[in-house]
Amino acid sequence: MNDRMTHLDVALLRRDFPILSETIRGKPLVFLDSAASAQKPRAVIDAMVGAMEHQYANIHRGLHWMSERTTEAYEGTRDLTATLLGANSREEIVFTRNSTEAINLVAHSYGRGILKPGQAVLISEMEHHSNIVPWQMLRDAHGIELRVCPITDAGELDMAAYEGLLEDRKVGLVAITHMSNVLGTYTPAARLCALAHEYGAKILLDGSQAVVHRRVDVKSLDADFYVFTGHKLYGPTGIGVLWARAELLEAMPPFLGGGDMISSVSFEHSSWARIPHKFEAGTPAILEGIGLSAAIKYVNAVGFDAIAAHEQALVEHALARLSPIQGLSIIGHAQDRGGVISFTMEGAHAHDIATLLDRAGIAVRAGHHCAEPLMRRMGLDSTARASFALYTTQEEIDILADTLIRVREFFA
Amino acid sequence: MNDRMTHLDVALLRRDFPILSETIRGKPLVFLDSAASAQKPRAVIDAMVGAMEHQYANIHRGLHWMSERTTEAYEGTRDLTATLLGANSREEIVFTRNSTEAINLVAHSYGRGILKPGQAVLISEMEHHSNIVPWQMLRDAHGIELRVCPITDAGELDMAAYEGLLEDRKVGLVAITHMSNVLGTYTPAARLCALAHEYGAKILLDGSQAVVHRRVDVKSLDADFYVFTGHKLYGPTGIGVLWARAELLEAMPPFLGGGDMISSVSFEHSSWARIPHKFEAGTPAILEGIGLSAAIKYVNAVGFDAIAAHEQALVEHALARLSPIQGLSIIGHAQDRGGVISFTMEGAHAHDIATLLDRAGIAVRAGHHCAEPLMRRMGLDSTARASFALYTTQEEIDILADTLIRVREFFA
Amino acid sequence: MFEDVRDLYQEVILDRGRHPRHAQRLDAFDATAKGDNPMCGDRVQVWVKHNDQGAVSDVGFEARGCAISIASADLMAEAAIGHTATTLRKLSADFAQLVTSGDCPDCAGLETLQPLSGVSEFPSRVKCATLPWHALLSAIDAEPGHG
Amino acid sequence: MFEDVRDLYQEVILDRGRHPRHAQRLDAFDATAKGDNPMCGDRVQVWVKHNDQGAVSDVGFEARGCAISIASADLMAEAAIGHTATTLRKLSADFAQLVTSGDCPDCAGLETLQPLSGVSEFPSRVKCATLPWHALLSAIDAEPGHG
Ligand SMILES: Cc1ncc(COP(=O)(O)O)c(C=O)c1O
Ligand SMILES: Cc1ncc(COP(=O)(O)O)c(C=O)c1O
């Protein structure tokens, strides 16, 4: 398989994911909850098992064979991640626990270390809590103003408002999602970056969802910070990524203190290691880094063009199948969207929908999806959400649609 | 196997650790670097693989089968950890990435949220950087005084000095290791806690090493905070533990913001979830939690009495075999010590020792062991360190001793 | 198709979920409290009125949530009437046992709440059923003289 | 027993590691700089003196570290003499290639440093050998007129 392929042999790919042959109460698992966390291919499982069975020790300071090899494997992930995102160098990749910690790192270190009280951070109405709460905490601790860019009823950023909010040049940092985990909306990231820079702001893109579905290139986007989380990219939990321009990382004070992030320690004074190590305190998620390597190699081998085309086809099919269902409303109608569809149903609360679908072996999320302000904006408490991955099939969407018709009848 | 057993069938246990049958350049692996990170038993590997192959989804907010089961498995780890440490309740267990993050959490949240400028934090001369640097950062950011309890030449805490440093009641928090990762010293933790409380201070014990070798009971120690790291306890990387008294956790402000740690979010204001979730932002290390469960069950099944007795015997054997080697000096002679032995050799730098041992298949650490101030205190730049686990054999120590004699000859 | 969820969604639940009888604020009340399930976004507010003997004389609620939580709030509003704080605490504990384990053999006064016993098979939905009861107890506990 | 590490620990390395000839501060010097490997704790300080033509006329160092790093510093001190900043930069790059890959086919002037080529088989030790060179270049770059 390679990047030029635009048609996926999904049946074949599904064999790479052992969990997909599970049954739920006798029914084949229809897993439509990959936006919450994706399933893991055999390659990821094998990489982690291989390390634990054959080649493992703590890294960085070890002079013995196991430690050297494990260090190579772990640091190899940094190279792969740098290439995945189109970063300038491996030093620009900082490993964190997840997207949430990556954003908190920026909020603490760039927020308290570089932004000045009186400056503003600009987020949007469709952010995940992970890209809201750290900025609220920064606001409350450090006197930063929090601005919120509104969205349209279709679920797209209001670009005129965006520019308006930047105009007084008080915004020091924009932090906006690259793809909404509720509406599926892809934001116009390159345009957001260009405008932010025009008004003197830096910009962080939350790529937790976006990086899974399309090739991301931070250089051509011209972003300043980009974050994602391993477990949504078919990798293990426990590892996330912060990419930032080297000069920003250089200027930022460290976040967590401890082993591995220092150059020297005395009780009076400690000096910091070079980037990226300055930001990686303590024993890192070594096995998870090794798993993430395998995940990145896997998606590279499948090819992002093919993944994007496949998921686009799924979204179109899903919209075509779900829209006609009586009483069902699709939430969000962005022009540019990825493999996530939220919906509500008249007379049936999202939790009740999820429970009924579960009885049919179908896994969807229901609730506020860690985006309460977005729910309020859309006048809702909750939605049901089906989300797609490279292993999702059109048949699974058909099963969802057929079952939703029954759900509707059940609650009618 | 059960707790009452005090003799380990090590040969049998070794079969549980696949990596132990590896060879390094044709020589059987002699892994004496477990204090840096322990190897993983089959049970841990299988638990993680089992989750990835059969039962995985994101947790907490999912209403479907996979999510419910995964939540149960992950939250089960909290119960097991609470029991392992003798905590009052599962709510007292907060999962972090590692010990380092756990200490940083306390330094940020308790340090900035509860301690007042002018108060002091008391650490010791034999701390790991992870239990120094976070307090320095707190000192510099928040006007906290940093006090350092000296140690004796034998590598034990100077208890008179300890009490003296508490006497003016300015110390709000003591943060001291429960077992030194360099000297092997077990500190008199119960006494440290009693004295700290007598002078009105809270106390954090860094159990990163201690928890591996003996049964720890935070209630009988009467500690306030206890931290450890999964990867040293035969578990995966990417997960660590903070235990704290519930009332302390209740009083502390959150550390990282994001999904899962909130009760409700609006742009104006967010309110926090109950403990422990208030401190767990974003998707946690789910697979690693599941792996840690298996590790805890494994050490429970082997039994801490047996583990402690076995390691005690190893330490005695190692001291008997290493001490007579000409030019070799053992660093640290505490009365009460665990399975870690540091040494230097006349005419051979620790790095050179490690490289030569590695050629013989023997893995030891060499360097400052993330304890530069301790190195300075002992008048050294570095040591070589052999550390033991439940799978370590007397024969391995004999191989180490015999090889060290050759190393000595090589550099003589 | 959904035969196996009939335990959960019994007719009375579906009916009460759709058409609750007590889903309104009380104009005159002695206590009120909110309940909140952060993990799923369910919210409920409960209003309570007492008679002179200190027994509950009326309960109203406003809720957003699923069929289970609305039906549970509605059935609770009826079940609570005539009871004192002490009895309600016991009733609430019994109810929690019913929806967790599916059964509460030595319990009295749970007849009208029985339809919710099916929740026990759906661990993640138990909180939907108990949330209104938490709010009710908070209201009662917060009220001076009824602690 | 350790036959296979003789590539790394050649006689000259062991000898220079034990008895370095240039392990002292210079009383008179034009530049000095420190080098530091945080991961392993190696440290070195290098002092440099120039002649009137801008070529290095003397080098001294103080180091704490392993045999490799001491020997490398000591051999460097000799190899540097007579060279200008430009040549030293080239020499340092060639040396880095030698100890990383084991070979530097098109390089001149590395003869006396050749004994360190065995380091290439020990990836985690490469930094021990290159640390003194980093310090030397820092010293030279920091010196006014020799940037
Ligand atoms: C005593 C002690 N404290 C803290 C740590 C830090 O553990 P981690 O790197 O897993 O955070 C270690 C291990 O390196 C240790 O030995
Ligand atoms: C858009 C978005 N941002 C941030 C996150 C947080 O990711 P994590 O929980 O892995 O930190 C998520 C996923 O939950 C997300 O969808």
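Note that the structure is predicted; figures quoted are calculated from it, not measured.

**Re the site of ligand 2**
Surveying the vicinity of ligand 2 reveals 15 residues, the closest of which are Thr100, Asp206, Thr229 and Lys232 of chain A together with Thr283 of chain B. Near ligand 2, residues from chains A and B are present, making the site a shared one. Measuring from a nitrogen atom of ligand 2, one finds a side-chain N or O atom of Asp206 of chain A at 2.5 Å. Looking at side-chain class alone, the shell around ligand 2 contains no nonpolar, 13 polar and two charged residues.

**Here's the deal with the site of ligand 1**
Close contacts around ligand 1 come from 15 residues, with Thr283 of chain A together with Thr100, Asp206, Thr229 and Lys232 of chain B the closest. Surrounding ligand 1 is a set of residues that belongs to chains A and B. Separating an oxygen atom of ligand 1 from a backbone N or O atom of Ser99 of chain B is a distance of 3.2 Å. Compared with its free state, where it exposes 390 Å², ligand 1 has 97% of that area covered by protein. Partitioning the shell around ligand 1 into residue classes produces no nonpolar, 13 polar and two charged.

**Section: the interface of chain B and chain A**
Contacts between chain B and chain A engage 96 residues on the former and 96 residues on the latter. The junction of chain B with chain A conceals about 7,500 Å² of combined surface from both sides, 59% of it contributed by carbon and sulfur atoms. Per-residue buried area on chain B facing chain A is highest for Met52, Arg97 and Phe267 of chain B; these three make up 11% of the total on that side. At the boundary of chain B and chain A, one finds four salt bridges. Salt-bridge contacts for Arg42 of chain A lead to Glu53 of chain B; the nearest nitrogen and oxygen are separated by 2.9 Å.

**Observations regarding the interface of chain A and chain C**
On the chain C side, the residues contacting the 17 residues of chain A number 23 residues. Interface of chain A and chain C: buried area, both sides summed, is about 1,800 Å²; carbon and sulfur atoms make up 56% of it. Summed over the three residues of chain A that lose the most area to chain C, namely His351, Arg359 and Phe410 of chain A, the buried surface amounts to 34% of that side. Our enumeration of links across chain A and chain C arrives at four salt bridges.

**Side note on the environment of Ala348 of chain B**
All names here are of chain B. Mapping Ala348 onto the fold places it in the loop between strand S14 (340-345) and helix H13 (350-359). Considered as a pair, Ala348 and Leu85 are 263 residues apart in the sequence and their alpha carbons are 41 Å apart. Contacts of Ala348, omitting those with residues within four sequence positions, involve Ile353 and Phe411.

Calculation rules
- Sequence order sets the numbering: in each chain, residues are counted from 1 along the sequence as written.
- As a convention, the first chain written is A and the first ligand written is 1, with the rest following in written order.
- For this predicted model, a pLDDT threshold of at least 70 governs which residues receive local features, and a threshold of 80 or more governs which side-chain atom pairs are given and counted, while totals over whole chains, interfaces and linings are taken from all residues.
- Note that the side-chain values use all heavy atoms of the structure and ignore hydrogens as well as water.
- Whether a residue is near a molecule or strand depends on its heavy atoms: it is near if one of them lies within 4 Å of it.
- In protein, a polar contact requires one atom able to donate a hydrogen and another able to accept it; more generally it is a pair of N or O atoms within 3.5 Å, and residues adjacent in sequence count only if both atoms are side-chain atoms.
- Three classes are used, and their members are as follows: Ala, Val, Leu, Ile, Met, Phe, Trp, Tyr, Cys and Pro are nonpolar, Asp, Glu, Lys and Arg are charged, and the others, Gly among them, are polar.
- Calculation of accessible area relied on Shrake-Rupley with a 1.4 Å probe; when residues are assessed, cover is drawn exclusively from the protein chains displayed.
- Here a residue-residue contact requires only that any non-hydrogen atoms of the pair lie within 4.5 Å.
- Buried area counts how much accessible surface, traced with a 1.4 Å probe, disappears from two parts once they are put together, with both parts' losses summed.
- What counts as a salt bridge is simple: a side-chain nitrogen of Lys or Arg found within 4 Å of a carboxyl oxygen of Asp or Glu.
- Only runs of H or I of at least four residues qualify as helices and only runs of E of at least two qualify as strands under DSSP, and these elements are numbered from the N terminus.

Without other data, these values stay purely geometric and don't point to any function.
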